[in-house]
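# Per-entry structural report
Listed below, chain by chain, are the residues.
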Amino acid sequence: MAGIGAGGLMLATQGRVFAAGAENVIKVGFVSPRTGALSGFGQTDGYVLDLARKALAKGLAIGGKTYEVQIIDVDTQSDPSRASQLAKSLINSDQVDLILAVSTPETINPVADACEAAGVPCLSTVMPWEAWYFGRGAKPGEPSPFKWTYHFGFGVGEFHKTYVSQWNLLETNKKVGVLYPNDADGNAVRANLAPLLAKDGFTIVDPGPYEDGTTDYSAQIAQFKKEKIEIFSSFPIPPDFAAFWRQAAQQGLRRQLKICQVAKTGLFPDGIEALGNIGFNISSAAYWHKTFPYTSTLTGVTGPELADGYEAASGKQWTQQLGATLSLLDAGVSALQASTDPKNKAEVAKAIGSLKTTTIGGKVDFGSGPVPNVSPGPIIGTQWVKAPAGSKFKLDYVVTENVTDPNVPVGAKLLPLNG
C-alpha cells in the first residue's frame, strides 16, 4: 500500500511558515470513491478538496496555536476491501489525527470499522444512518458500541417523509414496485422504509432482494406489470439501474409508471444523461442542492457559488455531491477547532460527539440524533427534467418538495414520468 496517498497529498503551507515538529501538524485522511462503479460520488471531490486546502493554507488556529493542516485523500476504487486497507494505511503509516469518509456503505462502513478498532476519530456522511449504525452491529435500544466513529445525514425517516410528500403530489393507484438490492442500503431500506410506506396507504410490491451486478430483470419487470404498479422505487448502484431501466422501457413497464423514484443512483447528471430520452422526469432526492440557503463555514462559499465555480472550472454540470463533500470538511474542521487539543484523538472524538454547527449542507447537531453517534439531516424531493432551450446542459435538476427542510425553496411542480 506504499504511496497510495501520494497523488492526493498537498501541504497547506502556502504563504506561512510553521514551527517544525509533528506536534504542530494536523493530518486529516479523506476517503472517497473516485473511480469504479461509485465514481459519481467522487467526481467533484478534487475541486472541493482544492477549495478546502486553499482555505487552510495559512493554518488552523486552535487554542491560541496555529497548526499546519495536511489533507491526505485516497480513492477506494469503489471497493470495500480497498477502503478498509486505505483506512488502515492512513492510520498506521500516515498516522492521521482524523479520518473523513464520504458516500455509500461500501466506502464508509469499512473505514469506520477500521477507525473504531484503532481508536481514531472518524466522521462520515452520505448514506442512510441506519445502514451505518445498525449495519455495523449496533442494536436498537442498547447503548452505542461506538466510541470513535460518528455519522451525520439522512436516514429512513427522512426518506419516508420525502417519498410520501413527493408521491402525493400526483394521483396514482399507490401501488409501489420496489427493487432493493441485497446490500447494506437495500436491507436497511427493506426492513425500515417499506413498512412505513405501507402504513401510509401504499401497497408495496417487492420481488425480493437481488445481487449487485444482476443483468436480467425480466422476472421483476413481469411481476411489476402484472401488479399494475404506478410508482417504482429503488436503491441500486448505477450500472444495475441502467440495466433495469433500459429493460423496463423495452418490456413496456416504463409506459405504465407515473413516478420513478431512484436513490443512490440517479443522483448525478452523467448517469441520467447516459440514459438518453428515458432519463427525463426520473425523480430523485437531494442531500444537497445548490439552492440550499447555507454557507460553508470553512471556505465561505454559498451554494450557487460552489455550483457555478465547479461548472466554470470543470466544464461539467454541478452535482449534489459538491455540497455534501464540503459539508463533511466543514464539520470536520469545526470539530478540530472545538477540541481542546487536535492532536489528542480522544479529545477530537469528544468534540465530534458534542458538535453543533451549520455547514453548507445544513445543521449538524450530535445532541439531537435518533441514536448516539448520529446527527440527522435532510433529503429533499427532486426531479430530472429537460433543460430549457439554450441551456448549457441537457438536464435541469429541480426541487419539487421540501418537507425535511422547509428552508430549501421548492422550484418546480413534479411532472408525471410520461407527462
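Next up on the list: helix 7 (residues 218-226). For helix 7, every residue scored as buried is listed here: Gln 220, Ile 221 and Phe 224. Axial view of helix 7: buried residues confined to an arc of 100 degrees, hence all on one face. Among the exposed residues of helix 7, those oriented more than 90 degrees off its buried face are Ala 219 and Lys 226. On its buried face, helix 7 sits against strand 8 (175-179), strand 9 (203-205), strand 10 (231-234), helix 8 (238-250) and helix 9 (253-256). Directly beyond the C-terminal end of helix 7, a positive phi value near 55 degrees is found at Lys 228.

What follows is about the layout of surface pockets. As a volume, the largest pocket reaches approximately 280 Å³. Forming the boundary of the largest pocket are 19 residues, of which Pro 238, Thr 265, Asp 270, Gly 271 and Ile 272 lie nearest the centre. Among the secondary structure elements, those contributing two or more residues to the lining of the largest pocket are helix 8 and helix 10 (269-273). The greatest single-element share of the lining of the largest pocket, amounting to 4 residues, is contributed by helix 8. A breakdown of the residues in the lining of the largest pocket according to their chemical character gives 11 nonpolar, 6 polar and 2 charged. Considered as a void within the structure, the second largest pocket measures approximately 220 Å³ in volume. Every residue lining the second largest pocket is listed: Glu 158, Lys 161, Tyr 294, Thr 358, Gly 362, Lys 363, Pro 376, Gly 377, Pro 378, Thr 404 and Asp 405. Breaking the lining of the second largest pocket down by element, the ones donating at least two residues are helix 5 (156-167) and strand 14 (362-365). Considered class by class, the residues forming the lining of the second largest pocket number 3 nonpolar, 4 polar and 4 charged.

You can see Val 410 is positioned in the segment after strand 17 (395-399). Look at Val 410 and you get partly exposed, because its relative accessible area is 45%. Leaving out residues up to four positions away in the same chain, Val 410 has contacts with Val 399, Thr 400, Glu 401 and Asn 402.

Direction vectors running N to C along helix 1 (residues 45-55) and helix 12 (residues 321-338) enclose 35 degrees, while the axes themselves pass 9 Å from each other. Crossing angle aside, the handedness with which helix 1 passes helix 12 is right-handed. Along its contact with helix 1, which presents Asp 45, Tyr 47, Val 48, Leu 49 and Ala 52, the element helix 12 presents Gln 321, Leu 322, Thr 325, Leu 326 and Leu 329. Here the contact of helix 1 with helix 12 is composed, by residue class, of 7 nonpolar, 2 polar and 1 charged.

Rules of the game
Residues numbered from 1 in each chain as written. Predicted model: local features only at pLDDT ≥ 70, side-chain atom pairs only at ≥ 80, totals over all residues. Heavy atoms only, no water. Buried < 20%, exposed > 50% of the residue type's maximum accessible area, 1.4 Å probe, protein only. Helix = DSSP H or I, 4+ residues; strand = E, 2+ residues; numbered from the N terminus. Arc of directions from axis to C-beta. Contact = heavy atoms within 4.5 Å. 1 Å grid on protein atoms, 1.4 Å probe; cavity = no way out; pocket = protein on both sides within 12 Å on 5 of 7 lines; lining within 4 Å. Points joined across faces, edges and corners; volume = space filled by probe spheres on them. Nonpolar A, V, L, I, M, F, W, Y, C, P; charged D, E, K, R; others polar. Axes fitted to C-alpha atoms, helices over the stretch in contact; angles between N-to-C directions. Left-handed = near helix turned anticlockwise from the far one by under 90°.

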